[in-house]
Amino acid sequence: MRSLKILEEENIHVIVGVGPGEVDSSRMYLVLSRLSRRYGRRRFTIHVVSSKPRPLYLEELRGILLKNIAYTLVLRYHGYSPEGVRNIVDLARRSGSPVHGIVLGDFHEVARVFESLGIEYEVLG
Amino acid sequence: MGVYEIVLSTDRTMMSNHHGKEFLGFLATGPAMGVPEKLWQWLTAPKVPVDELGRPREAPYGMRKVEAVLVDAGFKAAIIDPDHLDKHLDTMKVLMIGHHDFFAYGPPSSEWWSLTGKEPLNRVCFKRFMESPAVRKAKKKGVRIIAGGPAAWQWLWELELWHKWGVDTVIEGEVERIIVDVVEKALNGEPLPDYIYVGPGDSPSVEEIPVIKAGSVNGLVEIMRGCPRGCRFCSVTLRPLRFIPLEKIREEIRVNIRAGIKGAILHSEDVFLYGADGVKPRPEPLLKLHKMVVEEIGEKGDLAWSHASLSAIKYAEEEHRVVSRIMEEYVLNDHRRFIGVEVGIETLSPRLARIIMPGKSAPYPAETWPDVVEDAFRIMHENKIVPAATLILGLPWEKPDDVVYTAEMLDRLRPYRSIIVPMFFVPMGALKKKDWFLKDHIKPEHVEVLKKTLEHTLYWAEDIINKMYLKEPFLLPVRIGLKMFIKYVKWKTRRILPHVEAMIRK
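Rules used in this analysis
- Residues numbered from 1 in each chain as written.
- Chains lettered and ligands numbered in written order.
- Predicted model: local features only at pLDDT ≥ 70, side-chain atom pairs only at ≥ 80, totals over all residues.
- Heavy atoms only, no water.
- Helix = DSSP H or I, 4+ residues; strand = E, 2+ residues; numbered from the N terminus.
- Contact = heavy atoms within 4.5 Å.
- Polar contact = N/O pair within 3.5 Å; in protein donor to acceptor, adjacent residues only side chain to side chain.
- Buried < 20%, exposed > 50% of the residue type's maximum accessible area, 1.4 Å probe, protein only.
- Pairing = 2+ DSSP bridges.
- Right-handed = clockwise from strand over helix to strand, strands pointing away.
- Patch = residues over 30% accessible without salt bridge, like charges linked within 9 Å, V, L, I, M, F, W, Y side chains within 5 Å.
- Areas by Shrake-Rupley, 256 points an atom, 1.4 Å probe, with all protein chains shown as cover.
- Salt bridge = Lys/Arg side-chain N within 4 Å of Asp/Glu carboxyl O.
- Lys, Arg positive; Asp, Glu negative; His and termini not counted.
- Charge placed at Lys NZ, Arg CZ, Asp CG, Glu CD.
- Core = buried A, V, L, I, M, F, W, Y, C linked by side-chain atoms within 4.5 Å.
- Buried area = accessible area lost by both parts, 1.4 Å probe.
- Nonpolar A, V, L, I, M, F, W, Y, C, P; charged D, E, K, R; others polar.
- Axes fitted to C-alpha atoms, helices over the stretch in contact; angles between N-to-C directions.
- Phe/Tyr/Trp six-rings, centres within 6.5 Å; stacked < 30°, edge-to-face > 60°.
- Lys NZ or Arg CZ within 6 Å of the ring centre and 35° of its normal.

**Q** I'd like a rundown of the environment of B:Glu398, residues and numbers included.
**A** Residues and elements named next belong to chain B. Along the chain, glutamate 398 falls in the loop between strand 13 (385–393) and helix 15 (400–413). For glutamate 398 and threonine 91, which are 307 residues apart along the polypeptide, the C-alpha to C-alpha distance reads 54 Å. Those residues within four positions of glutamate 398 in sequence are excluded, and the remaining contacts are Arg351, Leu352, Ile392, Leu393, Val403 and His446. For glutamate 398, the side chain forms a polar contact with the main-chain nitrogen of glycine 394, separated by 2.7 Å.

**Q** Report on the pairing of strand 14 (residues 419–424) of chain B, specifying residues and quantitative values.
**A** Residues and elements named next belong to chain B. Of all six residues in strand 14, five are buried, a share of seventy percent or more. For strand 13 and strand 14, the ladder comprises six bridges, and the chain directions are parallel. Looking at the pairing, alanine 388 lines up with isoleucine 419 of strand 14. Following the backbone out of strand 13, through helix 15 and into the adjacent parallel strand 14, one traces a crossover that is right-handed.

**Q** Pulling in residues and values, what's your account of a nonpolar patch on the surface?
**A** On the surface, B:Leu476, B:Ile480 and B:Met484 cluster together into a nonpolar patch covering about 300 Å² of accessible area. Mapped onto the elements, B:Met484 comes out in helix 17 (residues 476–505).

**Q** Which residues make up the pattern of salt bridges, and what are the values?
**A** Residue and element names in this part refer to chain B. Per the stated rule, a full pass over the model turns up 55 salt bridges over all chains. Here aspartate 411 makes a salt bridge to lysine 452, at a shortest N to O gap of 2.9 Å. Highlighted residues: aspartate 411 in helix 15 and lysine 452 in helix 16 (residues 444–467), separated in sequence by 41 residues. Ionic contacts of the salt-bridge type, sharing partners, join the residues Glu174, Glu176, Glu222, Arg225, Arg239 and Arg242 into one network.

**Q** How would you sum up a positive patch on the surface? Please name residues and give values.
**A** All names here are of chain B. Together, Arg337, Lys471, Lys483 and Lys487 make up a region of like positive charge exposed at the surface. As for its placement among the helices and strands, lysine 487 is situated in helix 17. Relative accessible area serves as the criterion here: at 60%, lysine 487 is assigned to the exposed category.

**Q** Quick rundown of the nonpolar core? Include the residues and the values.
**A** Residues and elements named next belong to chain B. Phe272, Trp305, Ile345 and Phe377 are the most contacted members of the largest nonpolar core, which totals 69 residues. If near-sequence neighbours (up to four positions away) are discounted, phenylalanine 272 is found in contact with Pro281, Leu286, Trp305, Ala308, Ala312, Ile313, Ala316, Val322, Val323 and Ile326. Ranked by size, the runner-up nonpolar core spans 64 residues in total, among them Val7, Phe129, Leu161 and Val167.

**Q** So, the interface of chain B and chain A: which residues are in play, and what are the values?
**A** Tallying the contact residues gives 31 residues for chain B and 26 residues for chain A. Both faces combined, the contact of chain B with chain A buries some 2500 Å², and carbon together with sulfur accounts for 61% of it. The salt bridge partner of A:Arg43 is B:Asp202, with a shortest N-O separation of 2.6 Å. Between the two partners, chain B and chain A, sit 14 residue pairs in polar contact (both at pLDDT 80 or more). Those elements that provide at least two residues to the side of chain B that touches chain A are helix 7 (159–165), helix 8 (179–187) and strand 6 (195–197) of chain B. For the side of chain B that touches chain A, the class distribution of residues is 18 nonpolar, four polar and nine charged. Pairing of strand 3 (residues 72–77) of chain A with strand 6 of chain B involves three bridges; the strand directions are antiparallel. By the bridge assignment for strand 6 of chain B, A:Val74 is matched with B:Ile196.

**Q** An account of helix 8 of chain B is needed here, citing residue identities and associated values.
**A** Residue and element names in this part refer to chain B. Looking only at helix 8, the buried set comprises Ile179, Asp181, Val182, Val183, Lys185 and Ala186. Among the structural elements, strand 1 (6–9), helix 3 (61–72), strand 3 (94–98), strand 4 (144–148), strand 5 (167–172) and strand 6 are those in contact with the buried residues of helix 8. Looking one or two residues beyond helix 8, the residue adopting positive phi is glycine 189, at roughly 70°.

**Q** I'd like a rundown of the side chain of B:His84, residues and numbers included.
**A** Along the polypeptide, B:His84 turns up in the loop between strand 2 (77–79) and strand 3. Discounting residues that sit within four places of it in the chain, B:His84 has contacts with B:Val50 and B:Gly54.

**Q** Talk me through the sheet that holds strand 14 of chain B; I want residue IDs and the actual numbers.
**A** Strand-to-strand pairing in sheets goes through backbone hydrogen bonds, with the strands running parallel or antiparallel. All names here are of chain B. Reading across the sheet, the three strands line up as 12-13-14 and stay open at both edges, with parallel pairing between neighbours. Edge strands, defined here as strands with exactly one partner in the open sheet, are strand 12 (339–346) and strand 14. The sheet shows a mean angle of 20° between the axes of neighbouring strands, direction not considered. Against the sheet, helix 15 touches strand 12, strand 13 and strand 14, its axis set at about 170° to strand 13.

**Q** I'd like to hear about the pairing of strand 4 of chain B, residue by residue, with values.
**A** Residues in a regular strand project their side chains so that they alternate between the two faces of the sheet. Residues and elements named next belong to chain B. The element strand 4 is extensively covered by neighbouring structure, given that five of its five residues are classed as buried. Judged by which residues are buried, strand 4 turns out to be covered on both faces: Arg144, Ile146 and Gly148 on one side and Ile145 and Ala147 on the other are all buried. The pairing of strand 4 with strand 5 spans four bridges and is classified as parallel. Paired with alanine 147 across the strands is valine 170, a residue of strand 5. Crossover handedness for the path strand 4 to helix 7 to strand 5: right-handed.

**Q** Break down the sheet that holds strand 4 of chain B for me, with residues and values.
**A** Taken together, eleven strands build an open sheet; the order of strands is 5(A)-4(A)-1(A)-2(A)-3(A)-6(B)-5(B)-4(B)-3(B)-1(B)-2(B) and the sheet is mixed. The open sheet has two free edges, formed respectively by strand 5 (121–124) of chain A together with strand 2 of chain B, since each of these has just one partner strand. For this sheet, the mean angle separating the axes of adjacent strands, direction not counted, is 20°. For strand 2 (residues 43–50) of chain A and strand 3 of chain A, the ladder comprises six bridges, and the chain directions are parallel. Its bridge partner being in strand 3 of chain A, A:Val48 is matched across the sheet by A:Tyr77.

**Q** Now, about the packing of aromatic side chains: what can you tell me, with residues and values included?
**A** On inspection of all chains with the given rule, the structure shows 24 aromatic pairs over all chains. Measuring from ring centre to ring centre gives 6.0 Å for B:Trp155 and B:Trp165, while their planes differ by 80°; the resulting arrangement is edge-to-face. With B:Trp155 in the loop between strand 4 and helix 7 and B:Trp165 in helix 7, this pair connects stretches of sequence that are ten residues apart. Among the aromatic residues, those joined into a cluster by ring pairs are B:Phe102, B:Phe103, B:Phe126, B:Phe129, B:Trp155, B:Trp162 and B:Trp165. The ring of B:Trp157 has A:Arg62 sitting right over it, with the charged end atom 3.9 Å from the ring centre. Positioned above the aromatic ring of B:Tyr364, the side-chain terminus of B:Lys314 is 5.0 Å from the ring centre.

Listed below in structure tokens is the structure:
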């Protein structure tokens, strides 16, 4: 996967594990704002790990996508493999940009991968 | 026969010049009313002339910008009329689709939908376009579909259709700086992101905004991007304010004239803020702009503004007499008997104005909003400017007193020639239930506002049609159609209103 010029340069990678059931992604906005302030960057690549197929998984992320007007967001889908998170982390780390994790809902497997790789993460709802 | 690898297209309600009358295009945001759908479509969105490759003489301006960026980057790209996509099926690799209201969730489509309970024409036509044999064949042969434009967000509410139609990427925001790379990756078969939101920090500079290569619908040309009002909920205001230089505007008008389009629509969030000092209009840039435009379009060229704010109109006239100077010195003549513009009233309650749009009345205090509206309406009436104004009802912060106040204040606007369109705030999701949304939400005070705006609009619409609009002989059938439509609305209202009032009393 080659990243997009401009939009995925000087960015922050956020890996989001979307668990089953209803989740409220609008709370993610606060996390993005905090990360933006911390790193002085306004572009995010959001890597989504979800059991829902594309593009139906976007229903869970509609809240954040509609709430955001300030940041550049690039959404990439990676299917439903907690182990696949390792590959995403590898790719993201190679780009030299900061990597952060978010778990939406009940998705312990992803949380465990984040912990094992030393990725800072938070669980939202 | 195909030539283009990258084809940009959209449905008929967008790919039309609306008989050269932009306002008629608004009727395509409603369902067919009182006439068969085919007749309604002809009335609101007739076909445009195309060349042998299916390239339309006029196409939506935003799509023209994307086309220009891609052509400048060396791609074989062109806008193709929806009826001629099959001519490029053998060469097409990327299909880019633009729209300002894909699924009719924007205003005023959603209001027509909520009022009538029927799917608006633009939604029906867009679905038909996506289901058309040409688009389906393109997808089947592996063409990648990229959708974008100001209504991109609506795809988030239509994920099933997104999936069914095989849309690869949806892009929202200003794309001049980034679209070449996205298209390159699409052509190379590389993975694409599902959704892209181009934030304000990645907006193009004035230099990065290209000049269009071919005609835009009714000669629309952009004079500025962004807005300095600073409303916190609005993405436009976060983007840098950019005034398009006169020479660039002139170039685009010339592109349109060469395409056979005899006129210009000056597009901006607020035309009177062109070259302004913050929210205070300045006479010099506005006069220079209009002088240049009429030099280019000539005595017989049509001229319109897309949007203006009422506060800027009041300030421009009261401080600098610039509205009347523009109209007297440049606009009005035997051919140009009036100018049309969209304006937003939204509410006439100062309390609600303070909450939902504190920046809209600037440089005047929000408390004076009703006076700002009335003064601007008077200025426009005196200068033969005909506003199509919007009002919003049913906002979450609205109280009955706000609506009663708005209804009372509407009487003060009665003497001024204008169209006032009430729009209902409709929560997303409500429309898809296929229920008549308003029946559970409309209140007696809303009915009063609806009645007053309808009376106002019908009265002035007849006046405008009789005295100013659609005077060209070849537009006689459209004029007759429009008059019949007004008669139909009057008849229908007389029938429906007692039922609505009885329902509300219950």
